[in-house]
Amino acid sequence: MRRRIIYYSLFVILVSIVIGYLVILVQPLSIQDEKKDIEQKEEPEDVVELTFWRNYGNAAENKAYNEILEDFHQSHPHIHVNMQNIEYANYEVELRTELVTGTGPDIMAIDSPYLALYAEADLLMPLNEYLTEEDGLEEDFSETITQGLTYKDQLYLMPLIESSIALYYNMNLLEEADLPFPDSDPANPMTWEEIVALLKEVQKPEEGIYGIDPAQGFGSGEAPAYFKLPIIWQFGGEVISPDATTASGYLDSAETIEALQFYQDLYHKDKVAVRELPADAFEDGKLVMTVLGAWAITDLEQNGLKLGEDFGVAPLPKSKYQVVPNGSWALGILSTTSHPEEAWEFIRYVTDYASMKKYSSITGEVPARYSVAEDLPEFNTYPYNIFAEQAYSYSRNRPVTPVYPDISVAIKKLFEDIGLANKDVETSVEEAVEAINQRLRQAD
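Note that the structure is a prediction, hence the values are computed from the model and not measured.

Chemist: I'd like a rundown of the overall build of the protein, residues and numbers included.
Modeler: A count of helical and extended segments in the protein gives 17 helices and 15 strands. On the protein, roughly 21600 Å² of surface is accessible, and the fraction owed to carbon and sulfur atoms is 50%.

Written as C-alpha cells, this is what we have:
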C-alpha cells in the first residue's frame with residue numbers, strides 16, 4: 001500500500017513536470033500568435049492608388065496643389081493620389097490620347113469649356129449622386145459658375161477657382177498726361193468709347209508708347225476665345241443659339257457685327273491698338289493699358305512693378321452690358337475608374353472650404369465658393385475684389401456644347417481675319433457662321 005502511494009506520487013510529479021514543460025513550450029508560441037493577430041489588426045487597410053492629371057501651372061499654383069495633396073494623404077492614409085503635372089501646351093492632346101486608349105487617369109482637371117466634349121463621349125462620371133447638402137453647391141457657388149460645369153442636367157466637374165479679367169493701366173503714363181485713373185469700383189467700369197478717347201490723348205506710337213492690348217493680342221490655344229468673346233457679349237451679341245444648334249441669326253446678328261466692327265476699328269481706324277507689340281510692352285512702360293487676369297498681379301510685381309505706384313487695376317470696360325468671361329480648370333472623374341468613391345473623396349476634399357481657402361490664399365485666384373471669398377480679406381479689398389465681384393456678378397460661360405473646340409477655333413480665326421488681316425467684317429462673319437454650322441450639323 002505504501003509502495004502504491006509512492007508510485008502514485010511519483011506519477012503525479014512526473015505528469016506535473018510534463019504539463020509544466022508543455023506550458024512553458026507552448027506559451028511563447030501562443031504569445032507570438034497573439035502578437036501576430038494584434039499586428040494584423042493594426043496594419044492599415046489596403047491602400048487605394050489613384051492617378052490625378054492636371055495642367056502644370058505657375059509656381060504658386062503648384063505649391064498650393066502640393067500642400068493640399070500632402071494634407072489629403074495625412075488625413076486619408078487609405079488613399080494615395082499620384083499627381084502628374086503636364087505642360088499646358090501638351091495637356092489636351094496627351095489627355096485625349098490616354099482616354100481614347102482607355103488608360104486615362106482616375107481624376108483629371110478639365111478646362112471647363114471642354115466639359116461637354118468629354119461628357120458626350122461618356123468619359124466623365126456625373127457627380128450628382130455623390131453630392132450632398134454639405135457640399136453647398138446651391139448655396140455657396142454662383143449659379144453661372146455651376147451652369148458652366150453642367151451638361152444635360154448633370155454636373156460633371158467641381159470647381160476650385162473661378163477666373164476673371166480686368167483692365168490694367170500704367171499709372172505713370174496717365175499721370176504724365178494729367179489724366180485721372182479709371183474707377184476701381186467693380187460696378188462702375190469705363191465704357192470702351194471712354195477708353196478709346198483716353199488712349200488717343202496718352203499714346204505716342206511715334207515714340208514707342210502704344211495704347212492698348214484689348215484682348216491678349218493674337219495668341220494660340222483657348223486664350224483668343226476667352227479674352228475676345230466678352231466683346232461680343234458686351235454689345236449684346238451671341239455666338240450660337242441657346243440650344244446650341246446654329247450660329248445663324250446669332251454670330252451674324254447686328255449686335256455681333258457692331259462689336260466686331262468696334263474691335264477692328266481699335267486697330268485700323270482709331271489706331272489705339274497695334275497688331276504687333278514689343279515683348280513685355282506693359283512691363284517696360286511701353287503700353288498704356290492691357291487686359292489680364294488676377295494671376296498677372298504677382299507676375300508683374302515679380303518683374304519689378306509695384307501695384308499702386310507703377311500700375312493699377314480697374315474693372316473690364318463695358319459697352320451696352322458689363323460682361324467678363326468665366327470658366328476655369330475644374331475636377332472630374334473618369335467614367336470607368338475602378339475607385340469612384342475614393343476619387344470623389346479626393347475631389348470633395350480639394351474643393352471644400354479649407355482646401356479652397358488655402359489654394360486661393362497662396363495663388364491669389366478667385367475662389368469658387370462665396371464663403372471663402374468672404375473670409376479672405378484680400379478678396380474684399382482692392383484689387384482682388386474687382387476680380388471676385390466680376391466673377392460672381394457679371395460673368396458668362398462660353399457655349400456648353402461638344403463642338404465647342406471647333407467654335408473656339410472659328411472665333412480665333414474670325415478675330416484674326418478682322419484684326420490682323422483687316423478683312424471685311426461681314427464677309428469674315430459669314431465664313432465663321434458657315435464653319436460653325438457645318439460642325440454643328442455633323443454633331444447632330
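Further notes follow.
Chemist: Outline the pattern of salt bridges, listing residues and values.
Modeler: A full pass over the atoms with the stated rule returns 17 salt bridges. One salt bridge in this structure joins Lys63 and Glu67, with 2.6 Å as the shortest N-O distance. In this pair, Lys63 and Glu67 are both assigned in helix α2 (residues 59–75), four residues apart and thus about one turn of the helix distant. According to the relative accessible area criterion, Lys63 is partly exposed, its value standing at 43%.

Chemist: Quick one: what's the story with the pairing of strand β10 (residues 287–293), residue by residue and with numbers?
Modeler: In terms of burial, β10 is largely enclosed, as seven of its seven residues are buried. Pairing of strand β8 (residues 165–170) with β10 involves five bridges; the strand directions are antiparallel. Each residue of the ladder has a partner; that of Ala166, found in β10, is Leu292.

Chemist: Now, about the sheet that holds β10: what can you tell me, with residues and values included?
Modeler: Strands sit in the order β9-β10-β8-β11 across an open sheet of four strands; the sheet is mixed. Strands at the two margins of the open sheet, each flanked by one partner only, are β9 (210–213) and β11 (311–315). The sheet shows a mean angle of 25° between the axes of neighbouring strands, taken without regard to direction. Where β8 and β11 come together, five bridges link them in antiparallel fashion. In the strand pairing of β11, Leu167 is matched with Ala314. Here helix α8 (residues 192–202) sits on the sheet in contact with β8, β9 and β10, set at roughly 140° to β10. Packing against the sheet, helix α15 (residues 384–393) makes contact with β8, β10 and β11, and its axis sits at approximately 150° to β8.

Chemist: An account of the layout of surface pockets is requested, with residue identities and associated values reported.
Modeler: Empty space within the largest pocket amounts to approximately 930 Å³. Around the largest pocket, the lining is made up of 34 residues, and of these Asn55, Glu61, Tyr88, Trp295 and Trp329 lie nearest the centre. Residue assignment for the lining of the largest pocket shows that the elements contributing at least two residues are β1 (48–55), α2, β3 (107–111), β7 (161–162), α9 (223–234), α11 (296–302) and β13 (329–333). Classifying every residue of the lining of the largest pocket by side-chain character gives 17 nonpolar, eight polar and nine charged. Roughly 420 Å³ of volume is contained in the second largest pocket. Lining the second largest pocket are 19 residues, and of these Ser241, Pro242, Arg398, Pro399 and Val400 sit closest to its centre. When residues of the lining of the second largest pocket are traced back to their parent elements, those giving at least two are α6 (143–147) and β15 (395–396). Class assignment of the residues belonging to the lining of the second largest pocket gives a composition of eight nonpolar, seven polar and four charged.

Chemist: Explain the pairing of β3 to me, and be specific about the residues and the numbers.
Modeler: A large share of β3 lies buried, amounting to five of its five residues. The alternating pattern of β3 places Ile107, Ala109 and Asp111 and Met108 and Ile110 on opposite faces, both of which are buried. Sheet topology note: the β1/β3 ladder contains two bridges and is parallel. Counterpart to Phe52 in the pairing with β3 is Ile107. Sheet topology note: the β3/β13 ladder contains five bridges and is antiparallel. Residue pairing in the sheet places Asp111 in a bridge with Trp329 of β13.

Chemist: Outline α15, listing residues and values.
Modeler: Among the ten residues in α15, eight count as buried, and that is most of the element. Of all the residues in α15, the buried ones are Tyr384, Asn385, Ile386, Phe387, Ala388, Gln390, Ala391 and Tyr392.

Chemist: Can you tell me about the packing of α9 against helix α10 (residues 254–268), naming the residues and giving the values?
Modeler: Running from N to C, α9 and α10 cross one another at 125°; their axes reach a closest spacing of 7 Å. When the axes of α9 and α10 are compared, the pair comes out oblique. With respect to the hand of their crossing, α9 and α10 are arranged in right-handed fashion. For the pair α9 and α10, the contacting residues are Lys228, Ile231 and Ile232 in the first and Thr256, Ala259, Leu260 and Tyr263 in the second. A per-class count over the contact of α9 with α10 returns five nonpolar, one polar and one charged.

Chemist: Which residues make up a negative patch on the surface, and what values go with them?
Modeler: On the surface, Glu133, Glu134, Glu138 and Glu139 cluster together to form a negatively charged patch. Mapped onto the elements of the fold, Glu134 is located in the loop between α4 (115–120) and α5 (137–140).

Chemist: Help me get a handle on the sheet that holds β1, residues and values and all.
Modeler: Taken in spatial order, the five strands make up an open sheet running β2-β1-β3-β13-β6, and their pairing is mixed. The sheet is open, and its two borders are formed by β2 (79–86) and β6 (158–159), each paired with just one other strand. Note: β6 against β13, two bridges, orientation antiparallel. Each bridged residue has a counterpart across the sheet, and for Pro159 the counterpart in β13 is Ala330. Strands β1, β2, β3, β6 and β13 of the sheet are contacted by helix α12 (residues 340–350), whose axis makes an angle of about 160° with β13.

Chemist: I'd like to hear about the side chain of Ser360, residue by residue, with values.
Modeler: One can find Ser360 in helix α13 (residues 353–363). Beyond its immediate chain neighbours, meaning those up to four positions away, Ser360 contacts Ile161, Glu365, Val366, Pro367, Leu376 and Phe379.

Chemist: Let's hear about the environment of Tyr156: which residues, and what values?
Modeler: Structurally, Tyr156 is set in the loop between β5 (154–155) and β6. In this structure the C-alpha to C-alpha distance between Tyr156 and Tyr118, which are 38 residues apart in sequence, comes to 9.4 Å. If near-sequence neighbours (up to four positions away) are discounted, Tyr156 is found in contact with Leu115, Ala119, Leu124, Met125, Pro126, Leu127, Leu149, Tyr151, Leu331 and Gly332.

Chemist: With reference to specific residues and values, describe unusual backbone geometry.
Modeler: The step from Tyr382 to Pro383 runs through a cis peptide bond, and the omega angle for that step is 0°. Its identity is not glycine, yet Gln216 carries a phi of approximately 60°, on the positive side. Looking at where Gln216 falls in the secondary structure, it is placed in the loop between β9 and α9. A residue is classified by how much of its surface remains accessible, and Gln216, at 30% relative accessible area, is partly exposed. The phi dihedral of Asn422 is positive, around 60°, even though this residue is not glycine. You can see Asn422 is positioned in the loop between α16 (404–420) and α17 (425–443). By relative accessible area, Asn422 is classed as partly exposed at 40%.

How each quantity is defined
- The written sequence of each chain sets the order in which its residues are numbered from 1.
- Selection of residues for local features in this predicted model requires a pLDDT of at least 70, selection of side-chain atom pairs for listing and counting requires 80 or more, and totals for whole chains, interfaces and linings are taken over all residues.
- Note that the side-chain values use all heavy atoms of the structure and ignore hydrogens as well as water.
- Only DSSP runs of H or I with at least four residues qualify as helices, and only runs of E with at least two residues qualify as strands; both kinds are numbered from the N terminus onward.
- Surface accessibility follows the Shrake-Rupley procedure with a 1.4 Å probe radius. Residue values consider only the protein chains on display as shielding.
- A side-chain nitrogen of Lys or Arg and a carboxyl oxygen of Asp or Glu constitute a salt bridge if their distance falls within 4 Å.
- Burial classification: accessible surface area is computed with a 1.4 Å probe over protein chains only, and a residue below 20% of its type maximum counts as buried, one above 50% as exposed, and the rest as partly exposed.
- Strands qualify as paired when DSSP identifies two bridges or more between them.
- Where helices are involved, their axes are fitted lines through C-alpha atoms of the stretch in contact, as for all axes, and angles between N-to-C directions lie from 0 to 180°.
- Whether two residues touch is decided by their heavy atoms; if any such pair falls within 4.5 Å, the residues are in contact.
- Cavity and pocket criteria rest on a 1 Å grid covering protein atoms alone: a 1.4 Å probe that fits but cannot get out defines a cavity, protein on both sides within 12 Å along at least 5 of 7 lines defines an open pocket, and an atom within 4 Å of a point defines a lining residue.
- Grid points are joined across faces, edges and corners, and a volume is the space filled by probe spheres set on the points.
- Classes in brief: Ala, Val, Leu, Ile, Met, Phe, Trp, Tyr, Cys and Pro nonpolar; Asp, Glu, Lys and Arg charged; the others, Gly included, polar.
- If an angle is under 35 degrees, it is roughly parallel; if it is over 145, roughly antiparallel; if it lies from 65 to 115, roughly perpendicular; otherwise it is oblique.
- Crossings are sorted by hand: turned counterclockwise from the far helix by less than a right angle, the near helix makes the crossing left-handed, and turned clockwise it makes it right-handed.
- Excluding any residue in a salt bridge, patches collect residues exceeding 30% relative accessible area, merging like charges within 9 Å and nonpolar Val, Leu, Ile, Met, Phe, Trp and Tyr side chains within 5 Å.
- Charge assignment: positive for Lys and Arg, negative for Asp and Glu; neither His nor the chain ends contribute.
- Charge positions are represented by NZ for Lys, CZ for Arg, CG for Asp and CD for Glu.

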